[in-house]
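Tertiary structure, described
What follows is the residue order along each chain.
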Amino acid sequence: MTGYTLINLREMIEHLGEDKTKIILSNFMCPLNKDVDDFLKSKSIEFSKQGIAITYLVFASNKNENVLIGYFTLATKIIMVYRTSLSNTLRKRITKFAQYDNDFKRYVFPAPLIGQLSKNFFNGYDKLISGDELLKLACDKIKAIQREIGGRVVYLECEDNPKLINFYSANGFVQFGKRKLDRDEVGLMQGEYLVQLLKYLKP
Amino acid sequence: MATKSILKNIDIRERRMGRALILALEKSEAKKGKQVELSRICREIKGEKIKDIFGNI
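Residues numbered from 1 in each chain as written. Chains lettered and ligands numbered in written order. Predicted model: local features only at pLDDT ≥ 70, side-chain atom pairs only at ≥ 80, totals over all residues. Heavy atoms only, no water.

1. Observations concerning the environment of Gln190 of chain A
Residues and elements named next belong to chain A.
- Summarising the element assignment, Gln190 is placed in the loop between strand E9 (174-180) and strand E10 (193-200).
- Since its relative accessible area comes to 44%, Gln190 is described here as partly exposed.
- Between the alpha carbons of Gln190 and Ser44 there is a distance of 22 Å; along the sequence they are 146 residues apart.
- Look past the residues within four positions of Gln190 in its chain and what remains in contact with it is Glu159, Asn161 and Leu181. (Helix = DSSP H or I, 4+ residues; strand = E, 2+ residues; numbered from the N terminus. Buried < 20%, exposed > 50% of the residue type's maximum accessible area, 1.4 Å probe, protein only. Contact = heavy atoms within 4.5 Å.)

Laid out in C-alpha cells, this is it:
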C-alpha cells in the first residue's frame, strides 16, 4: 500500500467485523481534544451503523506497516434561515445559495458537516500527514458527494482557538456565528462556545 | 469539533445571524483559499480489498 488510503468505517466493519475494526481504532490518540478521541473509539461505529454520521479513516504506509494517521467524520446538515431573520435585500441575496420553503417561511440549503477531523498523535503518526491535507481529503469527499446530489457549502464548528480559526480561515472557511456549549460538553473542550464556519466549495 | 455538532440543527432565527451567514457565504465564494497539494496519492479502497490489507489483524 503506497500513498494515502481512505476507508469508509462502515465498509471496514462490513468486511473485517467490529472486533478487528475496534483493534485498528484503538491505535488512535488525540491529546488535543478529548471529544475527538472519545468519538472515534466509542461512538463512530454506532453512528456509522445508524447512518447518523460516516467516518473515513486515513492510512499510510510506515515502516512496511499500514498505520492509521487520521480520520474525519461527515454528517448531513441543512441550514435553515427563517424569513424574518433577513431584510428584503438579504432575502434577494440568499436566493443565490438557498431554496425558499413557503410552508415554513424559511430558506434552506444543504451544508454537510465535518463533524470530526483529527490526525493520529499515537507513535508520531501525525507527522505523516498535514492538517491541510486531511482537511482537503474531507472537502474533496464532500465535493464528490455534491457532484452527485447537489450542494455547494460545507460547514463545521471548532473551538475558539486562534490557531484553529487561522487554520480553517487559510483553507477558505469563513466564520459566521457561535454555538454555546451544552452542559455535558463543558470540560471536553476549551471555552464556552464553538465557532461556526462555512466554506463555499467551488466546482 | 464536537460530537454534539453532529446531532444539532442549524436554525438561523436572529437578524444578526442571518446577515452574518449571508456575508460569510458571499465572502467564502469570493475567497481564494490556499491551494493544497497532497504529498502522496490518495485512493479509497472498498470491499474485499480491505480484507486483503487488514485481514490478518
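Having put the structure on the table, let's press on.
2. Observations concerning the pattern of salt bridges
- Inspection of the entire model under this criterion finds 19 salt bridges over all chains.
- Its salt-bridge partner being Glu29 of chain B, residue Lys96 of chain A comes within 2.8 Å of it at the nearest N-O pair. Of this pair, Lys96 of chain A sits in the loop between helix H4 (88-94) and strand E5 (99-101) while Glu29 of chain B sits in helix H2 (residues 15-30), on two different chains.
- Judged by its relative accessible area of 57%, Lys96 of chain A is exposed.
- By relative accessible area, Glu29 of chain B is classed as partly exposed at 22%. (Salt bridge = Lys/Arg side-chain N within 4 Å of Asp/Glu carboxyl O.)

3. Focus: the packing of aromatic side chains
All names here are of chain A.
- This model, assessed by the stated rule, comprises 11 aromatic pairs over all chains.
- Judged by centre distance (6.5 Å) and plane angle (10°), the rings of Phe39 and Tyr71 are stacked. Of this pair, Phe39 sits in helix H3 (residues 34-50) while Tyr71 sits in strand E3 (residues 65-75), and the two are 32 residues apart along the sequence.
- What makes Phe39 buried here is its relative accessible area of 0%.
- Measuring from ring centre to ring centre gives 5.9 Å for Phe97 and Tyr200, while their planes differ by 85°; the resulting arrangement is edge-to-face. Of the two residues, Phe97 is situated in the loop between H4 and E5 and Tyr200 in strand E10; the sequence distance between them amounts to 103 residues. (Phe/Tyr/Trp six-rings, centres within 6.5 Å; stacked < 30°, edge-to-face > 60°.)

4. Quick word on the nonpolar core
Residue and element names in this part refer to chain A.
- Of all hydrophobic cores here, the largest spans 79 residues; its most connected members are Phe72 and Ile114.
- Broken down by element, the residue count for this core peaks at 7 residues, all from E3.
- Here Phe72 is in contact with Leu6, Ile54, Thr55, Tyr56, Val58, Gln116, Leu117, Leu134, Leu137, Ala138 and Lys141, once residues within four sequence places are set aside. (Core = buried A, V, L, I, M, F, W, Y, C linked by side-chain atoms within 4.5 Å.)

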